[in-house]
Amino acid sequence: MAESDREANRFSARAARYARVGANMGGVAARMAGSRLFGGDDRDASNAAVLAQALGGLKGPIMKVAQLLATIPDLIPPEYAAELQKLQSEAPPMGAAFVKRRMQAELGPQWQSRFGSFDLTPSAAASLGQVHRATTKDGEALACKLQYPDMQSAVEADLSQLEWVFAVHRRMDPAIDTREIAKEIGERVREELDYEREAKHAALYARTLSDVKEVRVPRVHPELSTKRLLSLEWLEGEKILGFTEEPVEIRNRLAVAMFKAWWHPFSHAAVIHGDPHLGNYTVFSEDGEARGINLLDYGCIRIFHPRFVGGVVDLYRGLLTDDRARIVHAYETWGFKSLSNELIDILNIWARFIYAPLLDDRVRTVADGVKPGEYGRRQAFEVHKALKEKGPVTVPREFVFMDRAAVGLGAVFLHLKAELNYHHLFENEIERFSLENLERRQGEVLAASGLPKPM
């Protein structure tokens, strides 16, 4: 980090963040001490609401981390997950004068002359920044994502708070060893601060999805982007929840587009979008009819080693043919260690849930009769209960965003009430799969996008 970077990880900013987050969390911790934060007694619902209220006014990574925790099945009790999944920042957006100062810091004193127009009122807010509508000098519509100030310091302070939460969790409920989960969340949240890397992610997805007409990726404008400002082509679209009552053929079309947006990059470049949040995509229409999705945000992209994808395919085929040796090989490929037969059976409960729509060769919904907010909770409870008896187990870090993507994507399919043959869709994505071909394709698209290969 350059010495002139006034928003580097500063002690004074970290200290202020510790005070703000710590004061809010301290009050919640005191309230929860008697009922054991992760113990799951009758007071969970009210305590969960207090936790959400305490975090609700804080911008930044603590909001992102809270949302991440809510999507890791059974890491926290269902009452907490339900409240945290609703969590959105209620802190006011940066005002016009502040935005001007931020833009000047990124593009210089004449920054406004580089745009045709720039709306100082944000069109959307997120945990780490806010989005402004603008146009280029040629009139092309832009979405400009501007990072909030001092986010690097906030990240380090909030991740320290997360380490404390996980340490408490390990003492109170040792069924799942959370150390690798904490490392993974920290690494991904730090990456999300780097908008130059996000621009490369967008370029990576544009290349990987170039032959998937149902998914649109915005073009990056590097001349109007920096490490803390990302200017992308503005893609017109509507919220996907506005299509839940459309005819089934429209809903199915959108579900297929979502399936391809996630599984095509995974099977062809070993990358996955780790944040299927409803605000990260919109629906585009042509001739008055919904045709596909706009994929808008590229901060939370997980690049895997190709062998991890090979493990996903091996587990799928092992479950499909009841080949236990292949199933065990898949788990070991991912880094699970010291697996007893009991632990393998426990992991298979979750695996069969995640893979269920892919294994079933028929037209079906993802999970008939299950509400989106409850998707996967029963299976997660069974796994957690069994691990308390037979565990603990250390979850490889890759699973944090893999599981988040799978469960989040399943919830979208439930919202849409899609009726598809997911088995055929997945088979199409892994047709003629080989590690050698995947390694070659991944190397090509990463190099072209300016991204390093995974270790």
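Thresholds, definitions, all that
- Residues numbered from 1 in each chain as written.
- Predicted model: local features only at pLDDT ≥ 70, side-chain atom pairs only at ≥ 80, totals over all residues.
- Heavy atoms only, no water.
- UniProt positions renumbered as here; feature names shortened; annotations may be inferred.
- Helix = DSSP H or I, 4+ residues; strand = E, 2+ residues; numbered from the N terminus.
- Buried < 20%, exposed > 50% of the residue type's maximum accessible area, 1.4 Å probe, protein only.
- Contact = heavy atoms within 4.5 Å.
- Areas by Shrake-Rupley, 256 points an atom, 1.4 Å probe, with all protein chains shown as cover.
- Pairing = 2+ DSSP bridges.
- Phe/Tyr/Trp six-rings, centres within 6.5 Å; stacked < 30°, edge-to-face > 60°.

Per an unreviewed UniProt entry, the protein chain carries the name ABC1 kinase family protein and comes from Microvirga arabica. Turning to the protein chain, the UniProt annotation filed under Sequence similarities (unreviewed entry) states: "Belongs to the protein kinase superfamily. ADCK protein kinase family."

Draft legend 1. Quick look at the overall build of the protein chain. Helix and strand content of the protein chain: 16 helices and twelve strands. Here the protein chain holds 455 residues, and the buried ones make up 56% of them. Within the protein chain, contacts between residues separated by at least 24 positions form 72% of all contacts whose residues are at least 6 apart in sequence. Counting every atom, the protein chain has about 20100 Å² of accessible surface; 51% of that belongs to carbon and sulfur.

Draft legend 2. Fine view of the pairing of strand 4 (residues 141-147). With six of its seven residues buried, strand 4 lies for the most part within the structure. Where strand 3 (residues 129-135) and strand 4 come together, seven bridges link them in antiparallel fashion. When the sheet's bridge partners are listed, arginine 133 is paired in strand 4 with alanine 143. Taken together, the five bridges between strand 4 and strand 7 (residues 229-233) define a ladder with antiparallel strand orientation. In the sheet register, cysteine 144 faces strand 7, and the bridge partner there is serine 231.

Draft legend 3. Summary view of the packing of aromatic side chains. Inspection of the entire model under this criterion finds 22 aromatic pairs. Residues tryptophan 263 and phenylalanine 266 carry aromatic rings whose centres are separated by 5.5 Å and whose planes lie at 85° to one another, so their mutual orientation is edge-to-face. Linking tryptophan 263 with phenylalanine 266, this pair stays in helix 9 (residues 248-269), spanning three residues, or about one helical turn. The burial state of tryptophan 263 is the same as that of phenylalanine 266; both residues are buried.

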